[in-house]
Every structure is written in C-alpha cells, then in structure tokens.
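Topology and contacts: notes
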Amino acid sequence: MTVKIDTPFASTGLSRRGFLQAAALGAAAATLPGTARAARLADPYAGFKMGLQSYSLRGFDAKTALEHTKTLGLKYWEAFPGHLPEAVVPKTVAEHKALLDAAGVTVMSYGVLGFDENETKAREHFEFAKLMGLTALSADPKPSKETFDLLDKLVDEYGVAIAIHNHGPGHRYDKISDVEKVVKDRHPKIGACVDTGHYLRSDESPVAAIERLGKRVFGVHLKDVKTLVKGDKREKQFKIIGEGDLDVLGCLKALKKLDYQYCLAIEYEENPQNPMSDLEACLRHVREQAAKLG
C-alpha cells in the first residue's frame, strides 16, 4: 500500500496534511525568542529520540514501512521481528543495515523477545543486538532466578539493556510492582520498557511507572487508551494519542528528568492497513506537548 500524496505537494514529498502541520509548527515557533525558536524548529521532539515501534506498520513489508517512517519525519525504530528477522549471518545483517541506511532510520531496540534459562537462544538474541548496534532488547523474560541470573551475565557481557515489557491485565508483568520485584538487586541494565497503553489498561499510571522505575527505563511505547463507563461496566479502548487518558506531558517531563536517551516509540495497534493519518495525529499531539517543556 502507498500513501496518497496530494498533487500540489508531490515534488516536496509532503502531503497536504503534512504541509499544514509544518506551517502550524512554524507559526507557533515564530512567537518564541530567536534561540528557542531555532531549537524548536530543528527538534520538535525536545531532544527525545522519537521513533516508532515498527509493529505500528505491520501491514507493510520492511521497505515500505521504512518509507512511511521517513514520510512521518522519524529517524528511529524499535523493530519488531516481522520487519527485521533475527540473524547473525553477515550477509543478512548487511542487508538489514543497507535497508535502514537507505531510509535514514536507526534501529535502537528490538522485540518483544522471550527469555528463559536457555543460554544458547539468549545469546542469539544478544549477538543480533550487538551486530545491529542496538541499545536495548524489549523482553518478556520468564520470572525465574535462573533466567535472571543468565540475563545478569549477558547484559554485562554485551552492554545491551533488557527492557521488560508489560502486556496489560493478566500478564505476569501487569503491574509496576511486578517489574520492580524482578529487577530489584539485578544488574543496572535490567529494567523496563514502559508501555503506557498497557499500564492504562491495568489501571496503573504510566507517569508513576517512569518515575518509580527511573534509570531502569530502557524503552517506552507511547500508546493511548480511554476508559469508557457503560452502565456498571468499564471498557478500555485504544485511541490515537491525545484522545485517551494518557498524560503525555507528564510522561515527557518524567523522561526529561531522567535524561532519557533511549528510543521513545509511538506504538499504534489500530488500523494496521491504513495507519498513516492516525500516526500523524499521534505525533502532532506529542509535538504539541513537547513544545510545553520549555
């Protein structure tokens, strides 16, 4: 599938929506003092490595997904295996890197991957991470002493962080405390991937998750969820960022306080065959909130 480009902007690669968004950003920045205005125009995401969990574009092959990422103005990915299958064969790794380089996209993290006591399989994940230059692996590790003893050893050996991903109600890492419990007294590079949407589904505060997990936050999936009350029932619905209950500004403030340097990834689970306008809306809201950081 290709993204429709309105004819008047085809030569610039901007859609009409993208053109209007850029114009609005420029108009807002024009009211700022000179230095702040220049900084805002140069980096509308306030210094964060804004990117995508490529699962958001799972309806497309890797090349098309990367083209769409470039259209969105993003330069970072947390890749899901469907786009970049794990490999340690030099030829395949070189092909992955060439594809990414052509789009100007850097993969910072990867997942979500399972881990248990199997060291051979775990090393395959870490070898791939090393070859691809990743900073973190989003993970769903078995909560056993043997698994975490192994991860202690491997994060130290490879210098790649493990970011435990919460999957929402009923999952073994449902609550903030579930992650805190397993990372306590472990290697400093064993921490969390904070999925804001799943924490909202679990009636947990994403801002509190970032604050409590602190320097152990090695990944963030920005995702919005709305709680709807129908009679005596509560229903959770995934939403475009800014249309749900997520305190985006609160999350950004908490991350800024941590000097967060890992990938800040939009993850949008809805509309997989035609997500671009929704993703643009998500990013627009993040930019609006980033502009309030000062």
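Anything mentioned here points back to the structure above.
First, a word on scope: everything that follows refers to the structure included in this document. (Residues numbered from 1 in each chain as written. Predicted model: local features only at pLDDT ≥ 70, side-chain atom pairs only at ≥ 80, totals over all residues. Heavy atoms only, no water.)

Right, let's talk about the overall build of the protein for a bit. Looking only at helices and strands, one finds 11 helices and 10 strands in the protein. Residue pairs in contact within the protein that sit at least 24 positions apart in sequence constitute 75% of those at least 6 positions apart. For the protein, the computed accessible surface area is about 13,600 Å², with 52% contributed by carbon and sulfur atoms. (Helix = DSSP H or I, 4+ residues; strand = E, 2+ residues; numbered from the N terminus. Contact = heavy atoms within 4.5 Å. Areas by Shrake-Rupley, 256 points an atom, 1.4 Å probe, with all protein chains shown as cover.)

It is worth spelling out the nonpolar core at this point. In terms of nonpolar packing, the biggest core is built from 82 residues, with Phe126, Leu137 and Ile266 touching the most fellow members. It is helix H11 (residues 276-290) that provides the largest number of residues to this core, a total of seven residues. Not counting chain neighbours up to four residues away, the residues in contact with Leu137 comprise Tyr110, Leu113, Phe115, His125, Phe126, Ala129, Val160, Ala161, Ile162 and Ala163. (Core = buried A, V, L, I, M, F, W, Y, C linked by side-chain atoms within 4.5 Å. Buried < 20%, exposed > 50% of the residue type's maximum accessible area, 1.4 Å probe, protein only.)

Moving on, we come to the sheet that holds strand S5 (residues 161-165). Strand order in the closed barrel formed by eight strands is S1-S2-S3-S4-S5-S6-S7-S10, and the pairing between neighbours is parallel. Strand-to-strand twist of the sheet, defined as the mean angle between neighbouring strand axes without regard to direction, takes the value 30°. Here S5 runs beside strand S6 (residues 190-195); their pairing, made up of four bridges, is parallel. Residue pairing in the sheet places His165 in a bridge with Cys193 of S6. (Pairing = 2+ DSSP bridges. Axes fitted to C-alpha atoms, helices over the stretch in contact; angles between N-to-C directions.)

This part is about the packing of aromatic side chains. What the rule picks out here adds up to six aromatic pairs. When the centroid spacing of 5.4 Å and the interplanar angle of 85° are considered together, the rings of Tyr55 and Phe80 count as edge-to-face. In this pair, Tyr55 is assigned in the loop between strand S1 (49-53) and helix H3 (62-71) and Phe80 in the loop between strand S2 (76-79) and helix H4 (90-103), connecting sequence segments 25 residues apart. For Tyr55, a relative accessible area of 29% translates into the label partly exposed. For Phe80, a relative accessible area of 18% corresponds to the buried category. Taken together, a centroid distance of 5.3 Å and an interplanar angle of 70° make the contact between Phe218 and Tyr262 edge-to-face. Separated by 44 residues along the polypeptide, Phe218 in strand S7 (residues 217-222) and Tyr262 in the loop between helix H10 (248-257) and strand S10 (263-266) bring together distant segments of the chain. In this structure Tyr262 comes out as buried when scored by relative accessible area, which is 18%. (Phe/Tyr/Trp six-rings, centres within 6.5 Å; stacked < 30°, edge-to-face > 60°.)

Looking now at the pattern of salt bridges. Counted by the stated rule, this structure contains 19 salt bridges. Measuring nitrogen to oxygen at the nearest pair gives 2.6 Å for the salt bridge that ties Glu95 to Lys91. Remark: Lys91 and Glu95 occur in helix H4; sequence separation between them is four residues, near one turn of the helix. Under the relative-accessibility criterion, Glu95 is labelled partly exposed at 42%. Lys91 sits in the exposed class, given a relative accessible area of 58%. Across the pair Asp245 and Lys226 runs a salt bridge, and its minimum N-O distance is 3.5 Å. Of the two residues, Asp245 is situated in the loop between strand S9 (233-239) and H10 and Lys226 in strand S8 (residues 224-230); the sequence distance between them amounts to 19 residues. When its relative accessible area of 28% is taken as the criterion, Lys226 is described as partly exposed. A cluster of three or more residues bridged by salt bridges with shared partners is formed by Glu119, Arg123, Lys153 and Glu157. (Salt bridge = Lys/Arg side-chain N within 4 Å of Asp/Glu carboxyl O.)

Time to look at unusual backbone geometry. Here Gly111 and Val112 are connected by a cis peptide whose omega angle stands at 20°. In the Ramachandran plot, Asp259 falls in the positive-phi region, its phi being about 55° despite a non-glycine side chain.

The next point concerns helix H6 (residues 145-158). The terminal C-alpha atoms of H6, which comprises 14 residues, lie 20 Å apart, in line with the 20 Å expected from a rise of 1.5 Å per residue. Among the residues of H6, Thr147, Phe148, Leu150, Leu151, Asp152, Leu154, Val155 and Tyr158 are the ones counted as buried. In this structure, the buried residues of H6 make contact with strand S3 (106-115), helix H5 (119-132), strand S4 (136-141), S5, helix H7 (176-183) and S6. At the exit of H6 stands Gly159, carrying a positive phi of roughly 70°. (Expected span 1.5 Å × (residues − 1).)

This part takes up the pairing of S9. Sheet analysis places S8 next to S9, joined by seven bridges and oriented antiparallel. Looking at the pairing, Thr227 lines up with Lys236 of S9.

Here Glu267 shows up in the loop between S10 and H11. Residues contacting Glu267, with those up to four places away along its chain left out, are Gln53, Tyr55, Ser56, Asp195, His221, Leu222 and Lys223.

Time to look at the side chain of His96. You can see His96 is positioned in helix H4. Judged by its relative accessible area of 9%, His96 falls in the buried class.

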